[in-house]
Amino acid sequence: MEQWEMIEPYPGAHIRVQIDNLYHHGIFVGDNKVVQFGLPMSVYQDPATIKVLLSPIEDFLNGGFLEVRVYDKKEKKLKNKDSEIVKIALSKVGEGDYSLLYNNCEHLANYCVFGKKTSSQVDKVHDEIRKMLGL
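Undergrad: Explanation requested: the sheet that holds strand β5 (residues 52–56) in the structure shown.
TA: Backbone-to-backbone hydrogen bonds pair the strands of a sheet. The strands run either parallel or antiparallel. Pairing within the open sheet is antiparallel, and its 6 strands lie in the order β1-β6-β2-β3-β4-β5. Whereas interior strands pair on both sides, the edge strands pair on one side only; in this sheet they are β1 (3–5) and β5. Sheet twist, expressed as the mean angle between neighbouring strand axes with direction ignored, is 40 degrees. Summarising the sheet, strand β2 (residues 14–19) and strand β3 (residues 22–30) pair through 6 bridges and their orientation is antiparallel. Counted as the bridge partner of I19 is L22 from β3.

Undergrad: What should I look at first to understand the environment of N110 in this one?
TA: Position of N110 relative to the elements: it lies in helix α4 (residues 105–114). Judged by relative accessible area, N110 falls into the buried class, the value being 2%. Taking the C-alpha atoms as reference points, N110 and I85, separated by 25 residues in sequence, lie 9.6 Å from one another. The residues contacting N110, other than those within four sequence positions of it, are H14, R69, G115, K116 and T118.

Thresholds, definitions, all that
Residues numbered from 1 in each chain as written. Predicted model: local features only at pLDDT ≥ 70, side-chain atom pairs only at ≥ 80, totals over all residues. Heavy atoms only, no water. Pairing = 2+ DSSP bridges. Helix = DSSP H or I, 4+ residues; strand = E, 2+ residues; numbered from the N terminus. Axes fitted to C-alpha atoms, helices over the stretch in contact; angles between N-to-C directions. Buried < 20%, exposed > 50% of the residue type's maximum accessible area, 1.4 Å probe, protein only. Contact = heavy atoms within 4.5 Å.

What is shown is where atoms sit, not what they do.
Now the structure itself:
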């Protein structure tokens, strides 16, 4: 189970902010800057226009509250070093190909941290659909 805390971010931190019933994710890279896949309200935009951005943290927060991912012992062994997370995140700036289900802001953040595109929010939706269909 993922843990999140309202603590000060550090370069390489996986961060999120709640927007309506969803969470918008990014990587804090220092100097009050965040790498994020689109702006927080991107889910309501045309996916073809959404790009990975380097933005001021204020744009990321959009008036919300910052949460920082806290890793357990096992996750700490699996994650990239913070400096590598920043390097990977910055290398993604300008990329597109956004997909709510397969390539969203949470996928990007988890890729930077663990090298795998995953989204607990998408997984939760898939689980609910399976339950509804009796699968």
